[in-house]
Amino acid sequence: MSKVIAALAVSVDGYITGSNPRPGHGLGAGGVLFDWYGDTGNAATYQQLVDRVGAVVTGRTTYDDCEGFGGGSPHPTAPMVVVSHRPQPAEYVDSQRQIFATSIGDGIARGKELAGGKDVGIQGGVTATAAIEAGLVDEVILHQVPVLLGDGRPFFGQLSEQVPLTLIDTVAGAGVTHLHYRISK
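Residues numbered from 1 in each chain as written. Predicted model: local features only at pLDDT ≥ 70, side-chain atom pairs only at ≥ 80, totals over all residues. Heavy atoms only, no water.

Under an unreviewed UniProt entry, the name given to the protein is Dihydrofolate reductase family protein, and the source organism is Flexivirga alba.

Engineer: Honestly, the environment of His75 in this entry has me stumped. Any pointers?
Structural biologist: Within the secondary structure, His75 sits in the loop between helix 2 (60-65) and strand 3 (80-83). Put simply, His75 and Val53 are 22 residues apart on the chain and 8.4 Å apart in space, counted from C-alpha to C-alpha. With residues near it in sequence (within four places) discarded, His75 still touches Val50, Val53, Val56 and Arg97. From its side chain, His75 meets the backbone oxygen of Val50 in a polar contact 3.0 Å long. (Helix = DSSP H or I, 4+ residues; strand = E, 2+ residues; numbered from the N terminus. Contact = heavy atoms within 4.5 Å. Polar contact = N/O pair within 3.5 Å; in protein donor to acceptor, adjacent residues only side chain to side chain.)

Engineer: Honestly, the nonpolar core in this entry has me stumped. Any pointers?
Structural biologist: Most often, soluble globular proteins have nonpolar side chains that are buried together. Ranked by internal contacts, the top residues of the largest apolar core, which has 26 residues, are Val57, Ile122, Val137, Leu142 and Phe155. Top element by residues in this core is strand 1 (residues 4-11). It accounts for 4 residues. Once residues lying within four places of it in the same chain are set aside, the contact partners of Val137 are Val4, Ala6, Ile122, Ala128, Ala131, Ile132, Ile183 and Lys185. Membership of the second largest hydrophobic core comes to 6 residues, among which are Ile5, Ala7, Val53 and Val56. (Core = buried A, V, L, I, M, F, W, Y, C linked by side-chain atoms within 4.5 Å. Buried < 20%, exposed > 50% of the residue type's maximum accessible area, 1.4 Å probe, protein only.)

Engineer: I would appreciate a short explanation of the pairing of strand 2 (residues 53-59) in the present structure.
Structural biologist: Moving residue by residue along a regular strand, the side chains alternate between the two faces of the sheet. Of all 7 residues in strand 2, 7 are buried, a share of seventy percent or more. Pairing analysis gives 5 bridges linking strand 2 to strand 5 (residues 119-123), with the strands arranged parallel. Across the sheet, the residue bridging to Thr58 is Gln123, located in strand 5. Bridging between strand 2 and strand 3 involves 4 bridges; their strand directions are parallel. Bridge pairing links Gly59 to Val83 in strand 3. (Pairing = 2+ DSSP bridges.)

Engineer: Which parts of the structure should I look at to understand the side chain of His180?
Structural biologist: Here His180 is to be found in strand 8 (residues 176-183). Residue class for His180 comes out buried when judged on its relative accessible area of 18%. Side chain to side chain, His180 and Glu139 meet in a polar contact 2.7 Å long.

Engineer: Just checking my understanding: could you explain the sheet that holds strand 6 (residues 139-145) for this structure?
Structural biologist: Across a sheet, paired strands are connected by hydrogen bonds in the backbone, their directions being either parallel or antiparallel. With respect to topology, 8 strands assemble into an open sheet ordered 4-3-2-5-1-6-8-7, the strand pairing being mixed. In this open sheet, the two strands that pair with only one neighbour each are strand 4 (98-101) and strand 7 (165-173). Strand-to-strand twist of the sheet, defined as the mean angle between neighbouring strand axes without regard to direction, takes the value 25°. Strand direction decides the pairing type here: strand 7 and strand 8, joined by 8 bridges, are antiparallel. (Axes fitted to C-alpha atoms, helices over the stretch in contact; angles between N-to-C directions.)

Engineer: Would you mind going over the packing of aromatic side chains with me for this structure?
Structural biologist: A ring pair, where both rings are aromatic, is described by two values, the distance of the centres and the angle of the planes. In total, this model carries 6 aromatic pairs according to the counting rule given. Taken together through their ring pairs, the aromatic side chains of Phe34, Trp36, Tyr37 and Tyr46 make up a single cluster. (Phe/Tyr/Trp six-rings, centres within 6.5 Å; stacked < 30°, edge-to-face > 60°.)

As structure tokens, then:
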């Protein structure tokens, strides 16, 4: 059975972007959160995560900031479901890798259909928070980068109640610590 995971690179002070993220500037200033991706010391951890994900669910803000991922997806092969009340941009309507949904529940359900038995990865803080609030997330993976950004978009928004986590695994990588949690339900 597939799981729903929220897995993002995050600064020690909890930001998933640098300051001033917007279209044309991707994920903002200070793009150090993703430097670990290319390090060979992290290749196995990165590949393991890529291999387990069969679909990605993201929010419209992340989608717009990343300029629609050029009609593709942030994942090398998996399709992406975008949760948005606005229509898909005309230039990507024929994309085979992008599907739009109007609610987090529909987005996760569609992601599970597309994942082919693999896990569904959530991208974006607002989207992750909404999915956690709806009880749809099984695991949280923080790729914690040793930096204090001081500004940007936080990984998690305000939750209506505490969400207990159980640490499953910790892997120290080159320039990053991978923290893997299960949401206690």
